[in-house]
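# Results of the structural survey
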Amino acid sequence: MRYIISAFALLLLAATPKPEAPIRGFAPDRWSGQRQIERQYDALLNKANLDTWMKRLTARPHHLGSAYGKENAEFIAAQFKSWGYDTAIERFDVLLPTPKTRILEMTAPETYRARLEEPALPEDKTSGQRDEQLPVYNAYSIDGDVTGELVYVNYGIPKDYEVLEERGVDVKGKIVIARYGGSWRGIKPKVAAEKGAIGCIIYSDPRDDGYYHGDVYPKGSWRNEWGAQRGSVADMPLYAGDPLTPGVGATKDAKRLSVKDAPTITKIPVLPISYGDALPLLRNLGGFTVPQEWRGALPITYHFGPGPARVHLKVEFDWKLVPAYNVIAKLRGTQYPDEWVIRGNHHDAWVNGAEDPISGMVALMEEARVVGELARRGIRPRRTIVYAAWDGEEQGLLGSTEWAETHADELKRKAVVYINTDGNGRGFFYAGASHTLEKFINEITREVIDPQTGRTVEERLRARRVVDAGNDERAELRSRPDLRVAPLGSGSDYTPFLQHLGIASMHIGYGGEDGGGSYHSAYDSYDHYTRFGDPGFQYGLALAQTGGRVMLRLANADVVPLDFAGFANTLGKFVDEVAKLPDTMRAETDERNRQIEERVLEAANDPVEKRVLPRPRPPVPHINVAPLRNALRSVEEAAKRYDTAIAELPSNAAPLNAHLRDMERGLTRDEGL
């Protein structure tokens, strides 16, 4: 009888409809209606469009200033117009140096001239479009012609130079060779110049992106020996955007700096190369053997140098202004037309750019198509939706930055949230965001189904993080209802909106199981992407489902769905990290000084020792974090008061939404972050 009763109880539970989950920012009587809109949205999505558009947009190289880049902008604009958007192309004139001379040769102890070229592959139909491709180079390297001994500097970040100093290796007057990874590439020549180097070479090591991970292209997805990574080396931490017009839009009549006075251009010449070209150079280095963590996967013993490898590096550029074409499409809101929800993805690429950026661009286009179709059927957004296809992102966020600078005053009045995507691929959901948006995006990830596992993308991501986590983090993952989002630094088109205008922002996408190998190379192609990136565009569709929900909920919410309790919680973690930092630094300083003392004793007993030994580090000062703790408590208490007050949505939310729009602004310095 007990089992019969239990079974009956289970049947009753199964028959009882589950209470509908809340939607942040919406009154309870609007939850069902919003979800009905989202079901209609999903039903209209067509992943075949992503395939068709990618084939069209990646058919030829479409870098900033190229003829096909302009054609793509016009094609995208025509699509938006056909979907009912008020669409315009906004032009800016920006600096784009292109190479006239690229020479890298080893002159001693043997001779070698770098190929600096990616061969065409029969398996990749667009890889041989040489006449239209940008060659392998780093944009915003200064012109230079230098010769010197070579020094290997690992990733070329500040802590690597501490290791060099400890070994008595000085890069002053030398040319450094650094592997990609560990930081934004522009940091490598910046730090090298600060340390006295006269030139910088950057290569992709197979340990990071090559045969160490799997078969190389075209057999597998990974970077082959001649694949090279183009990229900008502008000093973007100083400022993003056109190097000649900091702080103002690069319009036709803008006042411009001279090239020699532009502070974001490097101080030394820089050139990227393949690991096929790097191997002869590294093989001819002498000096001490590098630490284990510095060793790549080339079939050599890695040495610091300097020399005996001696190299000649010469780069010379055509410094010219080129047009950047942003596509801006607006769908006017019915209730809050002067509150804008902005969504962007760039359309320019270094070469054909299937993964970066077109995989994200075609998902945005399908999202916009369906939002436009809903509007045609009478389901219009309450807030104005703005879709943007940016140009010049690859050189330093040029299109988005110049547009944000030009329209800064209007954006400060109207922009509510900026949502960004870039490349997309097969795998796990990821999000970086203003922490006020953490709960909002978590709600959405619980309603989007992962195409590979059939579980929600939140469940799949949580399982992955549990597997990868340490004990403390694993315990939090199992107990905390929301997954943390990453803090947004820089690196894509959200930067001018968040870091300079103080607009709450989010960067989303999928990836992690799509391999590597094509990034910023001639092999980032339709053929590569449809074989390895996202066959069948399953995750492109998942991104459209995710981005569509983000936009529709932000556009239709009664109250902008920001949360401050989660924001305060994240601030608390940051404060804890700052509080622990002095102890960590003291332990590192004590250990380093102990090692220096040992080496001083060794040098004293060795008359042959002539290296300059590093000086001990100074003591770490005391840091009083009490003011931070007090400020954190104020934020936590304010967040609790807000949660209490917002439990019942106000009948007139407009004044509250205006305050919420400005919240992120209060955390932003006038000169930007």
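Residues numbered from 1 in each chain as written. Predicted model: local features only at pLDDT ≥ 70, side-chain atom pairs only at ≥ 80, totals over all residues. Heavy atoms only, no water.

## Some thoughts on the overall build of the protein
In plain terms, the rule: Labels follow the DSSP assignment, with helices taken as runs of H or I lasting at least four residues and strands as runs of E lasting at least two, numbered in each case from the N terminus. Here the globule rule reads 2.2 Å times residues to the power 0.38, and the radius of gyration is calculated from C-alpha atoms. A simple rule labels every residue: compare its accessible area, found with a 1.4 Å probe on the protein chains alone, to the largest value its type can have, and call it buried under 20%, exposed over 50%, or partly exposed in between. Accessible surface is estimated by sampling points in the Shrake-Rupley manner with a 1.4 Å probe; for residues, cover comes only from the protein chains shown.
Secondary structure assignment for the protein yields 20 helices and 14 strands. Against the 2.2 N^0.38 benchmark of 26 Å for 673 residues, the protein shows a C-alpha radius of gyration of 27 Å, consistent with a compact globule. For the protein, the spread of C-alpha atoms along the principal axes amounts to about 85 × 60 × 55 Å. Counting the 673 residues in the protein, one finds 57% classified as buried. Total accessible area computed for the protein in this model is approximately 28800 Å², and 54% of it derives from carbon and sulfur atoms.

## Let's talk about the side chain of His 346
Quick note on the threshold: We define a polar contact as two N or O atoms separated by no more than 3.5 Å, with the added condition that, inside protein, one atom must be a possible hydrogen donor and the other a possible acceptor, whereas residues neighbouring each other in sequence contribute only through side-chain atom pairs. Contacts are assigned to residue pairs that have any heavy atoms within 4.5 Å of one another.
By secondary structure assignment, the location of His 346 is in strand S10 (residues 336–346). Engagement of the side chain of His 346 in a polar contact is seen with the backbone oxygen of Asp 348, the distance being 2.9 Å. When near neighbours in sequence (up to four residues on either side) are disregarded, His 346 contacts Asp 356, Pro 357, Met 361, Trp 390, Glu 393, Glu 394, Asp 422 and Asp 493.

## Section: the packing of aromatic side chains
Geometrically, a pair of aromatic rings is defined through the distance of the ring centres and the angle of the planes. Rules: Note on aromatic contacts: the rings of Phe and Tyr and the six-membered ring of Trp form a pair at centre separations within 6.5 Å, being stacked when their planes are under 30 degrees apart, edge-to-face when over 60 apart, and tilted otherwise. Think of it as a cone above the ring: NZ of Lys or CZ of Arg counts as a charge over the ring if it is within 6 Å of the ring centre and within 35 degrees of the ring normal.
Under the counting rule described, the total for this entry stands at 22 aromatic pairs. Ring centres of Phe 80 and Tyr 387 lie 6.1 Å apart, and the angle between their planes is 25°; on these two criteria the pair is classed as stacked. Of this pair, Phe 80 sits in helix H4 (residues 67–82) while Tyr 387 sits in strand S11 (residues 383–390), and the two are 307 residues apart along the sequence. No difference in accessibility class separates Phe 80 from Tyr 387, as the two residues are buried. On the numbers, 5.9 Å between centres and 40° between planes, the contact of Trp 390 with Phe 497 is tilted. Here Trp 390, found in strand S11, pairs with Phe 497, found in helix H15 (residues 495–500); they are 107 residues apart in sequence, far enough to count as distant. Judged by its relative accessible area of 0%, Trp 390 is buried. We note Arg 115 situated over the ring of Trp 226; from NZ or CZ to the ring centre the distance is 4.0 Å. Over the face of the ring belonging to Phe 428 we find Arg 460, whose NZ or CZ atom lies 4.2 Å from the ring centre.

## Some words on the nonpolar core
The condition that has to hold: Nonpolar cores are built from buried Ala, Val, Leu, Ile, Met, Phe, Trp, Tyr and Cys residues. Side-chain atoms within 4.5 Å join them into one set.
Ranked by size, the top nonpolar core spans 90 residues in total, and within it Ile 177, Tyr 203, Ile 273, Leu 282 and Leu 411 carry the most contacts. It is strand S9 (residues 310–331) that provides the largest number of residues to this core, a total of 7 residues. The contact partners of Ile 177, leaving out residues within four places of it in the chain, are Leu 150, Val 151, Tyr 152, Val 153, Asn 154, Ile 201, Tyr 203, Ile 273, Ala 278, Leu 281 and Leu 282. Membership of the second largest hydrophobic core comes to 80 residues, among which are Ile 419, Ala 469, Ala 544 and Tyr 642.

## Brief notes about the pattern of salt bridges
We count it as follows: The rule for a salt bridge is simple: a side-chain nitrogen of Lys or Arg has to be within 4 Å of a carboxyl oxygen of Asp or Glu.
Scanning all chains against the criterion turns up 46 salt bridges. Here Asp 318 ties to Lys 320 by a salt bridge, and the two come within 3.9 Å at their closest N and O atoms. On the accessibility criterion, Asp 318 (34% relative accessible area) is partly exposed. Given the relative accessible area of 29%, Lys 320 is considered partly exposed. Here Asp 450 makes a salt bridge to Arg 460, at a shortest N to O gap of 3.4 Å. Placement of Asp 450 in the loop between helix H12 (438–445) and helix H13 (457–468) and of Arg 460 in helix H13 is noted, with a sequence separation of 10 residues between them. We note that Asp 450, like Arg 460, is buried.

## Description of the confidence of the model for the protein
Quick note on the threshold: A residue's pLDDT is the confidence the predictor assigns to it, expressed on a 0 to 100 scale.
Scored by pLDDT, the protein comes out at a mean of 93, with 95% of its residues at no less than 70. This stretch, residues 1–15, has a pLDDT under 50; its non-local contacts, to residues over four places away or in other chains, come to 0 contacts.

## Re H4
Put simply, the rule is: In this scheme, a helix's expected span is set at 1.5 Å multiplied by one less than its residue total.
Compared with an ideal rise of 1.5 Å per residue, which puts 16 residues at 22 Å, H4 spans 23 Å between its outermost C-alpha atoms and is within 8% of the ideal. Of the residues making up H4, those classed as buried are Tyr 68, Gly 69, Asn 72, Ala 73, Phe 75, Ile 76, Ala 77, Gln 79 and Phe 80. On the buried face of H4, the contacting elements are helix H3 (47–57), strand S1 (86–108), S9, helix H9 (354–376) and S11. Of the residues one or two after H4, Gly 84 is the one with positive phi, at around 100°.

## Describing the pairing of S9
Let me state the cut-off plainly: Pairing between strands requires that DSSP locate at least two bridges from one strand to the other.
Alignment of S1 against S9, held across 21 bridges, turns out to be antiparallel. Within S9, the residue paired with Leu 96 across the bridge is Lys 320. Direction of pairing for strand S4 (residues 144–152) relative to S9: antiparallel, over a ladder of 6 bridges. Residue pairing in the sheet places Glu 149 in a bridge with Arg 310 of S9. In the sheet, S9 pairs with S11 via 5 bridges, with the strands oriented antiparallel. Bridge assignment links Ala 329 to a residue of S11, and that residue is Tyr 387.

## Topic: unusual backbone geometry
The step from Gly 305 to Pro 306 runs through a cis peptide bond, and the omega angle for that step is 0°. Structurally, the position occupied by Pro 306 is in the loop between helix H8 (275–283) and S9. Positioned with a positive phi, Leu 397 is a non-glycine residue whose angle comes to about 60°. A positive phi angle, close to 60°, is found at His 520, a residue other than glycine.

## Overview of the packing of H12 against helix H17 (residues 538–556)
Heads up, the rule is: To obtain each axis, a line is fitted to C-alpha atoms, and for helices this fit is confined to the stretch in contact; angles are then taken between N-to-C directions over 0 to 180 degrees. In what follows, roughly perpendicular refers to angles from 65 to 115 degrees, roughly parallel to angles under 35, roughly antiparallel to angles over 145, and oblique to any angle outside these ranges. By definition, turning the near helix anticlockwise from the far helix through less than a right angle yields a left-handed crossing, and turning it clockwise yields a right-handed one. All residues other than Ala, Val, Leu, Ile, Met, Phe, Trp, Tyr, Cys, Pro, Asp, Glu, Lys and Arg, Gly among them, are scored as polar; the first ten of these are nonpolar and the last four charged.
Interaxial distance between H12 and H17 falls to 10 Å at its minimum, and their mutual angle equals 130°. What the angle tells us is that H12 and H17 run oblique. Seen from above, H12 lies across H17 with right-handed handedness. Counted together, Phe 440, Ile 441, Glu 443 and Ile 444 of H12 and Thr 546, Arg 549, Val 550, Arg 553 and Leu 554 of H17 form the full contact between these two elements. Its residues assigned to classes, the contact of H12 with H17 comprises 5 nonpolar, 1 polar and 3 charged.

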